[in-house]
Amino acid sequence: MGPRGAARLAVALALALGAAGAALGLRHRARARAPRGGGGGSTAAAAGGEACGGLRGVPAALGNNTHQCVFDDLSGSVSLSWVGDSTGVILVLTTFQVPLVIMSFGQSKLYRSEDYGKTFKDITSLINNTFIRTEFGMAIGPENSGKVILTGDVSGGSRGGRIFRSSDFAKNFVQTDLPFHPLVQITYHPQNSNCLLALSTENGLWVSRDFGETWEEIHKAVCLAKWGANDTIFFTTYLNNSCTDLGLLELKKTSDFGKAFKVIGTKIYSFGLGGRFLFASVMTEKGTTRRIHVSLDQGETWNMAQLPSVGHEQFYSILAANDDLVFMHVDEPGDTGFGTIYTSDDRGIVYSKSLERHLYTTTGGETDFTNVTSLRGIYITSVLSEDNSIQSVITFDRGGEWVPLRKPKNTTCDSTARSKEECSLHIHASYSISQKLNVPMAPLSEPNAVGIVIAHGSVGGAISVMSPDVYISDDGGYTWARMLEGPHHYAILDSGGLIVAIEHTSQPVNIIEFSTDEGQCWYRYAFSKDPIFFTGLASEPGARSMNVSIWGFRGSFLSRKWVSYTIDFSELLSRTCEDKDYTIWLAHSSNPSIPSDGCILGYKEQYRRLRKSSVCQNGRDYMVTKQPTVCPCTLEDFLCDFGYYRPENQSICVEQPELKGHDLEFCLYGRRELLKTSGYRKIPGDKCLGGESPSRQETDMKKKCTSNFLNPSQLAASTSSTPIILAVVAVLLITALAGVLLVKKYVCGGRFLVHRYSVLRQHAEANGVEGMDALDPGTPASKGGYHDDSDEDLLE
């Protein structure tokens, strides 16, 4: 489901890596794009050998602003969490744990920084030297509430768990003993950080309205719970003594913290929230297939989505959802590893085919579906071709049309292409990482770094298993250039004005590379005389910071010590950007000579962007400035309607063969509707006016067509819950396997990452609306749902 609020974490997801140290100084990395200019001073070479803008005094400016911190303990993992935006507060939790036959022994230390990681203070005494359970992470409150919750480990046989609460950005903590043992991380109300939600190991649903000081159990036999809009809590309950009885669950809600409940669905398989939509996967009367139902009024009324039903070995997955559009993946029958992407209308009810043969593995639940957040309407994903090769495609109009990524200039096609000149760029994402290819990071984009997309990729006829290079696009994915040779870890700083990278190798590292012109020229800086075993880059969420931290360790197995180097680039880029440093840029532009140039989703946008030749600092207060202009409608403003689809690499909509010659009917708000269409419907959110307007009419056939899958006759309000034999939901069990934790996390804010000696793990943290889950090491937490079984619907 994508990142939420200010909680996004711009970090590298890493295997142990490094780069053998070179001396202080400047050098270049070949990149296909020529520079747009340059100032005086030191020079660095760009692609083609031209001179480009150099920076003076790099060693001195960065040397005086590189801060080393050594953590003097033998901990096996380090967890980091940012507390608030632009506060500079970071918490670091080191953990050492030894599993024994019956129980485990562990030790934790807690450190706090107020200066973005330049210095840390040991505050372990504030949590009474308690061992903190790292599988629950550090629960950080929404927005700038300053609230933090740590879950402590308690001895066996205790009545309940123990948490440590802080409401002053971790300056002080209060120990609180719980009347229950938490099953998953406590989640915050999205708007009121004093209200908390928790599930117990006995499947009780607990709430607190005073930031965890007191708790009340409001329902038993609960499998999954989520915050909805306002004070609404949605949750599923079991009827047959087990949460594993998927398809037999009840969906309930309460809007008054448990004083009254209402059953809003039965025969529930799973449920989820996305934008203003509430989804439920519901078993049909046959009991062998499921259908998606959608509600726009928090479960008071439901409509059955016009999507294919799925059987036991198939699944649905919400790839993305906002207030007016849903991307839904529907798995194909059989173990094919692919399915079809459908896009919805603004009601979430009528769906049209968007992309066939969409790669989504059933074995590991991996999809490359990526939302490019730096420009509207753009998504990248992978398709599985007929010959089982994997190819990347991109859409610039929210799924209206998918096309291959353009071949970067001055690159040659690899052996996967039929021609050395005719091929395209293919992006490595979650699937490549899951297959243990040499890909340390998923694609990266940031909303305030307009147009910038960074990703590992290969140029050819399909994704290559060879070691990839790093490519960058400055226009949202229309054009690409090779930015760095070989795999790297990378981060975006200063709203795109600064990009940093570290090479991905198996050797210790002491070199960081950085660019001030979107990857045209690269500078090398030795941050340490002695290389470290690198585990990851970490920068404050939001890509506004001028600081980046390099994490790793030194020493042998029994004498390892965690070390971080935080580099502040503020002195190097000391000049604040002025009006002259910016230029006006038209997004989605391909042919400036035509009036419709830049029109996407019914309007064009001009952005104020930093010139590549400008060496200055955007600053924390930088805001993206854009000027929209409405466009006349064309066929590009329309999706294929219900019953139609666009063949690959074609822009026209054609009838689905299986529906040819049949009346197009669907159920809408309990009435049978007849659809008369020329094959197109306007893309939700498209703002075009006038121009082309394909005919489309929905006619009420005066026939009732209510879905009885939700058993509306049983949807009655109740004021109490009935105790039922309690069970732990299987997919939420914490399993230790070969020393690797596979944990279901409901975490808050996206500010949490975990370092291990071989891996830096990225987690999202819960704001209580949706969950994002850590999978095995090396797998990015980029999907909105956990998928450990091929038939689980990913609606979370």
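Just so we're clear, the structure is a prediction, and the values are computed from it rather than from any experiment.

Turning our eyes to something else, we now look at the overall build of the protein. If you tally the helices and strands in the protein, you get two helices and 59 strands. Looking at the protein as a whole, 61% of its 796 residues qualify as buried. Within the protein, residue pairs in contact and separated by at least 24 positions form 57% of the contacts whose partners lie at least 6 positions apart.

Our next topic: the sheet that holds strand E37 (residues 481-484). Read from one edge of the open sheet, four strands run E34-E35-E36-E37, paired in antiparallel fashion. Each of the sheet's edge strands pairs with one partner strand only, and the pair in question is strand E34 (424-427) and E37. Recorded for the sheet is a direction-independent mean angle of 55° between the axes of neighbouring strands. Bridge count between strand E35 (residues 453-460) and strand E36 (residues 469-473): five bridges; the pairing is antiparallel. By the bridge assignment, His456 is partnered in E36 with Val470.

Under the defined criterion, the tally for this structure stands at 21 aromatic pairs. Ring centres of Phe71 and Trp551 lie 5.3 Å apart, and the angle between their planes is 20°; on these two criteria the pair is classed as stacked. Of this pair, Phe71 sits in strand E6 (residues 66-71) while Trp551 sits in strand E43 (residues 547-554), and the two are 480 residues apart along the sequence. Using a relative accessible area of 1% as the deciding quantity, one classes Trp551 as buried.

The next point concerns the state of the cysteines. Applying the stated rule across the entire model yields six disulfides. Shown here is the disulfide that connects Cys223 with Cys243, its sulfur atoms set 2.0 Å apart. Judged by the torsion about the S-S bond (-95°), the Cys223/Cys243 disulfide is left-handed. Taken as a pair, Cys223 in strand E19 (residues 222-227) and Cys243 in the loop between strand E20 (233-237) and strand E21 (249-254) lie far apart in primary sequence, 20 residues in all. Like Cys243, Cys223 is buried. Note on cysteine connectivity: Cys577 is disulfide-linked to Cys616, with sulfurs 2.1 Å apart. One quick way to see it: the torsion about the S-S bond of Cys577 and Cys616 is about 100°, and its sign makes the bridge right-handed.

Let us now look at unusual backbone geometry. For Arg398, which is not glycine, the phi torsion reads 60° and is therefore positive. Mapping Arg398 onto the fold places it in the loop between strand E32 (390-395) and strand E33 (403-404). Notably, His588 is not glycine yet its phi reads approximately 60°, a positive angle. Here His588 lies in the loop between strand E45 (582-586) and strand E46 (603-610).

Bringing the nonpolar core into the picture now. It is characteristic of soluble globular proteins that their nonpolar side chains tend to be buried jointly. Grouped together as the largest cluster of nonpolar side chains are 27 residues, with contacts concentrated most on Val500, Ile512, Phe514, Leu537, Ile550, Ile567 and Phe569. Within the residue set of this core, elements represented by two or more residues are helix H1 (58-63), strand E38 (488-493), strand E39 (498-503), strand E40 (511-515), strand E41 (523-526), strand E42 (533-539), E43 and strand E44 (561-568). Ignoring anything within four residues of it in the chain, the contact list for Phe514 reads Leu55, Val58, Leu62, Leu498, Ile499, Val500, Cys521, Trp522, Tyr523, Tyr525, Phe569 and Leu572. Grouped together as the second largest cluster of nonpolar side chains are 26 residues, Ile394, Cys413, Ala417 and Ala455 included.

Within the structure shown, the criterion is met by 24 salt bridges. Here Lys353 and Glu356 are joined by a salt bridge, their closest N and O atoms 3.0 Å apart. A salt bridge links Arg357 to Glu386; the shortest N-O distance between them is 3.7 Å. Here the residue Arg357 occupies a position in strand E29 (residues 351-359), and Glu386 occupies one in the loop between strand E31 (379-384) and E32, the gap between them amounting to 29 residues. For Glu386, a relative accessible area of 68% gives the class exposed. Ionic contacts of the salt-bridge type, sharing partners, join the residues Asp474, Glu518, Arg609 and Lys612 into one network.

Right, let's get into the sheet that holds E46. Ordered by their spatial adjacency, three strands build an open sheet running E45-E46-E47, and the pairing between neighbours is antiparallel. Both edges of this open sheet fall to E45 and strand E47 (626-630), since each of them pairs with a single strand only. This sheet shows a mean twist of 20° between the axes of neighbouring strands, independent of strand direction. Here E45 runs beside E46; their pairing, made up of five bridges, is antiparallel. Looking across to E46, one finds that Thr583 is bridged to Arg609.

Glancing now at the environment of Leu150. Mapped onto the fold, Leu150 is located in strand E12 (residues 148-152). Under the relative-accessibility criterion, Leu150 is labelled buried at 0%. A C-alpha to C-alpha distance of 10.0 Å links Leu150 and Leu93, two positions 57 residues apart in sequence. Not counting the four nearest positions on each side in its chain, Leu150 is found in contact with Leu110, Ile127, Ile132, Met138, Arg162, Ile163, Phe164 and Phe173.

Most of E38 is tucked away, with six of its six residues classed as buried. Going residue by residue along E38, you find His488, Tyr490 and Ile492 tucked away on one face and His489, Ala491 and Leu493 tucked away on the opposite face as well. In the sheet, E38 pairs with E39 via six bridges, with the strands oriented antiparallel. From the neighbouring strand, Ala491 faces E39, where its bridge partner is Val500.

The predicted model of the protein has a mean per-residue pLDDT of 79, with 77% of residues at 70 or higher. Contacts of residues 47-52 to residues separated by more than four positions or lying in other chains number 16 contacts, the stretch itself having pLDDT below 50.

What follows covers the side chain of Thr566. Turning to its location among the elements, Thr566 is positioned in strand E44. Taking the relative accessible area as the measure of exposure, Thr566 reaches 0% and is therefore buried. A distance of 3.0 Å separates a polar side-chain atom of Thr566 from the backbone oxygen of Gly117. Those residues in contact with Thr566, other than ones at most four positions away along the chain, are Asn65, Thr66, His67, Tyr116, Gly117, Lys118, Asn547, Val548 and Ser549.

The subject of this paragraph is the environment of Lys147. With respect to the helices and strands, Lys147 occurs in the loop between strand E11 (138-140) and E12. Residue Lys147 is classed as buried on the basis of its relative accessible area of 11%. For the pair Lys147 and Ser193, spaced 46 residues apart in sequence, the C-alpha separation works out to 7.5 Å. Contact partners of Lys147, with chain neighbours within four places excluded, come to Ala139, Ile140, Gly141, Ser166, Ser167, Tyr188, Ser193, Asn194 and Phe211. A distance of 3.3 Å separates polar atoms of two side chains, one belonging to Lys147 and the other to Ser193.

The rules we used
All residue numbers refer to position in the chain's written sequence, counted from 1. With pLDDT at 70 or above as the cut-off, local features in this predicted model cover only qualifying residues; side-chain atom pairs require 80 or more to be listed or tallied, and sums for whole chains, interfaces and linings still use all residues. The side-chain numbers reported here are obtained from all heavy atoms of the structure, hydrogens and water having been left aside. Each helix corresponds to a stretch of at least 4 residues labelled H or I by DSSP, and each strand to a stretch of at least 2 residues labelled E; elements are numbered beginning at the N terminus. Think of it in three bands: residues with accessible area under 20% of the maximum for their type are buried, residues over 50% are exposed, and the middle band is partly exposed, with areas taken using a 1.4 Å probe on protein chains only. Two residues qualify as a contact provided that any one of their heavy atoms is within 4.5 Å of a heavy atom in the partner residue. Pairing between strands requires that DSSP locate at least two bridges from one strand to the other. Convention adopted: a line fitted to C-alpha atoms gives each axis, helices being fitted over their contacting stretch, and angles between N-to-C directions are expressed from 0 to 180 degrees. Aromatic rings from Phe, Tyr and Trp, with only the six-membered ring used for Trp, were paired whenever their centres fell within 6.5 Å, and each pair was classed as stacked if the ring planes differed by under 30 degrees, edge-to-face if by over 60, and tilted otherwise. When two cysteine sulfur atoms are found within 2.5 Å, that pair is recorded as a disulfide. By nonpolar core is meant a set of buried Ala, Val, Leu, Ile, Met, Phe, Trp, Tyr and Cys residues that side-chain atoms within 4.5 Å join together. Criterion for a salt bridge: a side-chain nitrogen of Lys or Arg within 4 Å of a carboxyl oxygen of Asp or Glu. One number per residue, pLDDT, summarises how confident the predictor is, and it ranges from 0 to 100. Nitrogen and oxygen atoms within 3.5 Å of one another constitute a polar contact, given that in protein one can donate a hydrogen and the other can accept it, and given that sequence-neighbouring residues count only through two side-chain atoms.

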